[in-house]
Amino acid sequence: MDFFQVLENRRSVRDFDPAVEVPAETVERLLAAAIRAPSAGNCQPWHFYVVRDPAVRRRLAEAAYGQEFIGQAQVVIVVCADAAKSAGRYGQRGRDLYCLQDTAAATEHVLLTAVALGLGGCWVGAFDEGRAAQALNLPKQHRPVAILPIGKPAGQPAGRTSRQPLRSVATYVG
């Protein structure tokens, strides 16, 4: 699948085939793609937690306000920001913004790579950070930014959601 097909085929998948395992090698490929994301000053302020334990996945689903599909995915990757890594070089702006931008780029790399590998995922940002951190027993410096349930889609993913026309979201200057 070429890059533009990957973009066209990306969907938020919330229904996973429980019979299809996500092999460790595939998870490694997802993470290898994530760390290729750009980051401000190459600080790479991210850390990834790969969750296979059903009890922990269930606690993450509870932390995400009952989004049960998180617990049903074969694997969940929790993308965390280490704000101090960015702050060390960029001060408060690195702490408040750059580390979040960088982890967002890494998150999208994971989701696009999942599509290229015949998998699906969903970017979950609606969750209680404290409860998610507690479910994973995170060190204080790791702030959970995204929960990514990953697996083989059960059936055909939903149709493409509409997008605003370019003319309403882009302004050309000069």
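Anyway, here's the lowdown on the structure attached to this text.

Reading the values: rules and limits
- Residues numbered from 1 in each chain as written.
- Predicted model: local features only at pLDDT ≥ 70, side-chain atom pairs only at ≥ 80, totals over all residues.
- Heavy atoms only, no water.
- Salt bridge = Lys/Arg side-chain N within 4 Å of Asp/Glu carboxyl O.
- Helix = DSSP H or I, 4+ residues; strand = E, 2+ residues; numbered from the N terminus.
- Buried < 20%, exposed > 50% of the residue type's maximum accessible area, 1.4 Å probe, protein only.
- Polar contact = N/O pair within 3.5 Å; in protein donor to acceptor, adjacent residues only side chain to side chain.
- Contact = heavy atoms within 4.5 Å.
- Core = buried A, V, L, I, M, F, W, Y, C linked by side-chain atoms within 4.5 Å.

**A few points about the pattern of salt bridges**
Under the criterion given, the structure shown has two salt bridges. In this structure, Glu21 and Arg52 form a salt bridge, with 3.0 Å as the shortest nitrogen-oxygen distance. On the criterion of sequence distance, the pair formed by Glu21 in the loop between α1 (3-9) and α2 (24-34) and Arg52 in the loop between β1 (46-51) and α3 (54-63) is long-range, its members being 31 residues apart. For Glu129, the salt bridge is made with Arg143, and the minimal N-O distance between the two is 3.0 Å. You can see Glu129 sitting in helix α6 (residues 129-136) and its partner Arg143 sitting in strand β4 (residues 143-151), a full 14 residues away along the chain. Take Arg143: its relative accessible area is 38%, and that puts it in the partly exposed class.

**Concerning the side chain of His142**
Position of His142 relative to the elements: it lies in the loop between α6 and β4. Polar contacts involving the side chain of His142 include one to the side chain of Tyr49, which spans 2.6 Å. Setting aside anything within four residues of it in sequence, one finds His142 in contact with His47, Tyr49, Cys80, Ala81 and Asp82.

**Considering the nonpolar core**
Of all hydrophobic cores here, the largest spans 24 residues; its most connected members are Leu60, Ile70, Val76, Val78, Leu136 and Ile147. Elements with a contribution of two residues or more to this core: β1, α3, α4 (69-72), β2 (75-81) and α6. Here Val76 is in contact with Tyr49, Val50, Val51, Arg57, Leu60, Ile70, Ile147, Leu148 and Pro149, once residues within four sequence places are set aside. Among the nonpolar cores identified, the runner-up in size contains 19 residues, and Val22, Phe48, Ile77 and Ala146 belong to it.

Everything listed is a geometric property; what it means functionally is a separate question.
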